[in-house]
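# Examination of the molecular architecture
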Amino acid sequence: MIDNIITIDENEGKHFSVVGDTYRIVISAEQTGGAYAVIDMLIPPGGGPGPHAHKNINEMFYVVDGHIDFKTEASNYTATRGSFVNIPKGGEVHCFKNNSNQTAHLLCTVIPAGLDEFFEEIGTAVEPGTFLPPPHWNEEELKKIMQLAEKYGQKLYPPNYLG
(Lines give C-alpha, C1' and ligand atoms only; values in the text may rest on other atoms or scores of the structure.)
Protein backbone atom coordinates (compact mmCIF):
# COMPACT_ATOMS: atom_id res chain seq x y z
CA MET A 1 0.00 0.00 0.00
CA ILE A 2 1.23 3.49 -0.86
CA ASP A 3 1.10 5.78 2.16
CA ASN A 4 2.59 8.98 0.78
CA ILE A 5 2.13 11.14 -2.28
CA ILE A 6 4.83 10.36 -4.83
CA THR A 7 6.23 13.14 -6.97
CA ILE A 8 8.57 12.58 -9.91
CA ASP A 9 10.56 15.35 -11.58
CA GLU A 10 11.07 15.38 -15.34
CA ASN A 11 14.70 14.26 -14.97
CA GLU A 12 14.00 11.36 -12.61
CA GLY A 13 13.57 7.75 -13.60
CA LYS A 14 15.79 5.21 -15.30
CA HIS A 15 16.11 5.26 -19.10
CA PHE A 16 16.45 2.05 -21.10
CA SER A 17 16.80 1.14 -24.73
CA VAL A 18 14.31 -1.67 -25.38
CA VAL A 19 13.98 -3.09 -28.93
CA GLY A 20 15.39 0.20 -30.26
CA ASP A 21 12.88 2.38 -28.40
CA THR A 22 13.80 4.48 -25.37
CA TYR A 23 11.73 3.95 -22.22
CA ARG A 24 11.88 6.02 -19.05
CA ILE A 25 10.46 4.34 -15.97
CA VAL A 26 8.54 7.27 -14.49
CA ILE A 27 7.15 5.33 -11.54
CA SER A 28 8.14 1.76 -10.84
CA ALA A 29 6.72 -1.37 -9.26
CA GLU A 30 9.06 -0.76 -6.34
CA GLN A 31 7.58 2.71 -5.74
CA THR A 32 3.93 1.54 -5.95
CA GLY A 33 4.18 -1.76 -4.13
CA GLY A 34 3.56 -3.51 -7.45
CA ALA A 35 0.16 -1.86 -7.96
CA TYR A 36 1.09 -0.13 -11.23
CA ALA A 37 3.94 1.36 -13.22
CA VAL A 38 4.14 4.29 -15.64
CA ILE A 39 6.58 4.23 -18.55
CA ASP A 40 7.34 7.20 -20.80
CA MET A 41 8.09 5.79 -24.26
CA LEU A 42 9.90 7.40 -27.18
CA ILE A 43 9.38 5.36 -30.34
CA PRO A 44 11.62 6.27 -33.29
CA PRO A 45 10.50 5.85 -36.92
CA GLY A 46 10.18 2.12 -37.58
CA GLY A 47 10.23 1.35 -33.84
CA GLY A 48 7.85 -0.53 -31.61
CA PRO A 49 7.60 -3.99 -30.05
CA GLY A 50 6.62 -7.13 -31.90
CA PRO A 51 3.44 -9.11 -31.22
CA HIS A 52 2.97 -10.01 -27.59
CA ALA A 53 0.25 -10.64 -25.02
CA HIS A 54 -0.09 -10.40 -21.26
CA LYS A 55 -3.03 -12.25 -19.77
CA ASN A 56 -3.05 -10.60 -16.35
CA ILE A 57 -1.88 -7.08 -17.14
CA ASN A 58 -4.00 -4.11 -18.19
CA GLU A 59 -1.88 -1.88 -20.45
CA MET A 60 -2.92 1.65 -21.35
CA PHE A 61 -1.33 4.11 -23.75
CA TYR A 62 -1.82 7.85 -24.10
CA VAL A 63 -0.25 9.36 -27.23
CA VAL A 64 1.54 12.55 -26.18
CA ASP A 65 2.81 13.22 -29.70
CA GLY A 66 3.16 11.51 -33.05
CA HIS A 67 1.42 8.58 -34.76
CA ILE A 68 1.46 4.95 -33.69
CA ASP A 69 -0.18 2.06 -35.52
CA PHE A 70 -1.65 -0.48 -33.10
CA LYS A 71 -2.45 -3.93 -34.42
CA THR A 72 -4.44 -6.67 -32.68
CA GLU A 73 -5.96 -9.95 -33.76
CA ALA A 74 -9.29 -8.11 -34.14
CA SER A 75 -8.38 -4.75 -35.69
CA ASN A 76 -5.87 -2.04 -36.56
CA TYR A 77 -5.92 1.49 -35.19
CA THR A 78 -3.78 4.54 -35.88
CA ALA A 79 -3.40 6.47 -32.64
CA THR A 80 -2.46 10.13 -32.93
CA ARG A 81 -1.75 12.91 -30.46
CA GLY A 82 -4.37 12.82 -27.70
CA SER A 83 -5.50 9.24 -28.49
CA PHE A 84 -5.89 6.64 -25.77
CA VAL A 85 -5.55 2.89 -26.27
CA ASN A 86 -6.57 0.38 -23.60
CA ILE A 87 -5.35 -3.22 -23.83
CA PRO A 88 -7.44 -4.98 -21.15
CA LYS A 89 -6.46 -8.06 -19.21
CA GLY A 90 -7.17 -11.25 -21.09
CA GLY A 91 -4.17 -11.83 -23.26
CA GLU A 92 -5.17 -10.44 -26.68
CA VAL A 93 -2.11 -10.43 -28.93
CA HIS A 94 -1.10 -6.89 -29.93
CA CYS A 95 1.81 -4.80 -31.14
CA PHE A 96 2.47 -1.25 -32.23
CA LYS A 97 4.79 0.43 -34.70
CA ASN A 98 5.78 3.95 -35.58
CA ASN A 99 5.26 4.06 -39.36
CA SER A 100 5.85 7.82 -39.54
CA ASN A 101 9.08 9.73 -40.07
CA GLN A 102 9.00 11.42 -36.62
CA THR A 103 9.58 10.08 -33.13
CA ALA A 104 6.34 9.23 -31.34
CA HIS A 105 5.86 9.84 -27.62
CA LEU A 106 3.62 7.57 -25.53
CA LEU A 107 2.77 7.40 -21.86
CA CYS A 108 2.11 3.78 -20.86
CA THR A 109 0.49 2.63 -17.61
CA VAL A 110 0.47 -1.03 -16.62
CA ILE A 111 -1.70 -2.51 -13.88
CA PRO A 112 -0.32 -4.37 -12.02
CA ALA A 113 3.32 -3.37 -12.39
CA GLY A 114 5.92 -5.77 -13.70
CA LEU A 115 6.55 -4.80 -17.30
CA ASP A 116 8.79 -2.01 -15.98
CA GLU A 117 10.97 -4.67 -14.33
CA PHE A 118 10.97 -6.72 -17.55
CA PHE A 119 12.11 -3.66 -19.54
CA GLU A 120 14.86 -2.98 -16.99
CA GLU A 121 16.05 -6.59 -17.19
CA ILE A 122 16.16 -6.84 -21.00
CA GLY A 123 17.00 -3.20 -21.76
CA THR A 124 20.27 -1.34 -21.93
CA ALA A 125 20.67 1.71 -19.68
CA VAL A 126 20.98 4.88 -21.79
CA GLU A 127 21.11 8.62 -21.33
CA PRO A 128 17.79 10.46 -21.87
CA GLY A 129 16.93 10.83 -25.55
CA THR A 130 19.49 8.25 -26.68
CA PHE A 131 18.39 5.63 -29.19
CA LEU A 132 20.27 2.39 -29.80
CA PRO A 133 19.63 0.20 -32.84
CA PRO A 134 17.25 -2.71 -32.26
CA PRO A 135 19.15 -5.78 -31.08
CA HIS A 136 19.53 -8.83 -33.29
CA TRP A 137 19.21 -11.75 -30.90
CA ASN A 138 20.60 -15.16 -31.75
CA GLU A 139 18.55 -18.27 -30.98
CA GLU A 140 19.97 -18.66 -27.46
CA GLU A 141 19.40 -14.97 -26.60
CA LEU A 142 15.87 -15.10 -28.01
CA LYS A 143 15.08 -18.15 -25.88
CA LYS A 144 16.32 -16.26 -22.79
CA ILE A 145 14.20 -13.19 -23.70
CA MET A 146 11.12 -15.41 -24.10
CA GLN A 147 11.75 -16.99 -20.70
CA LEU A 148 12.15 -13.55 -19.10
CA ALA A 149 8.93 -12.38 -20.78
CA GLU A 150 7.06 -15.34 -19.29
CA LYS A 151 8.59 -14.58 -15.87
CA TYR A 152 6.91 -11.15 -16.10
CA GLY A 153 3.53 -12.43 -17.36
CA GLN A 154 4.09 -11.79 -21.05
CA LYS A 155 4.12 -14.09 -24.07
CA LEU A 156 6.04 -13.16 -27.22
CA TYR A 157 4.97 -14.15 -30.74
CA PRO A 158 6.84 -14.26 -34.06
CA PRO A 159 7.18 -10.88 -35.87
CA ASN A 160 4.72 -11.89 -38.62
CA TYR A 161 2.09 -13.33 -36.23
CA LEU A 162 -0.41 -10.53 -36.86
CA GLY A 163 0.26 -10.41 -40.60
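Structure's up top.
Now for a quick tour of the structure. Each chain has its residues counted from 1, following the order in which its sequence is written. At least 70 in pLDDT is required for a residue's local features to be given in this predicted model, at least 80 for side-chain atom pairs to be given and counted, and no such filter applies to totals for whole chains, interfaces and linings, which use all residues. With hydrogens and water stripped out, all remaining heavy atoms of the structure feed into the side-chain values.

Our next topic: the environment of K89. Structurally, K89 can be placed in the loop between strand 8 (84-87) and strand 9 (94-97). C-alpha of K89 to C-alpha of A53: the two residues are 36 residues apart in sequence and 9.2 Å apart in space. When neighbours within four sequence positions are excluded, K89 is seen to be in contact with K55, N56, I57, N58, I111 and P112. Working definition: helices are DSSP H or I runs of at least four residues, strands are E runs of at least two. Numbering for both runs from the N terminus. Here, two residues are considered to be in contact whenever any of their heavy atoms come within 4.5 Å of each other.

Moving on to the side chain of N58. Along the chain, N58 falls in strand 5 (residues 58-65). With sequence-adjacent residues up to four places away left out, N58 is seen in contact with N86, I87, P88, K89, T109, V110 and I111.

A few words on the nonpolar core. With 31 residues, the main nonpolar core has M41 and F61 as its most contacted residues. With sequence-adjacent residues up to four places away left out, F61 is seen in contact with M41, F70, S83, F84, V85, I87, F96, L106, L107 and C108. Here the nonpolar core consists of buried residues drawn from Ala, Val, Leu, Ile, Met, Phe, Trp, Tyr and Cys, with membership extended through side-chain atoms lying within 4.5 Å. We call a residue buried when its accessible area falls under 20% of the maximum for its residue type, exposed when it is over 50%, and partly exposed in between, using a 1.4 Å probe and counting protein chains only.

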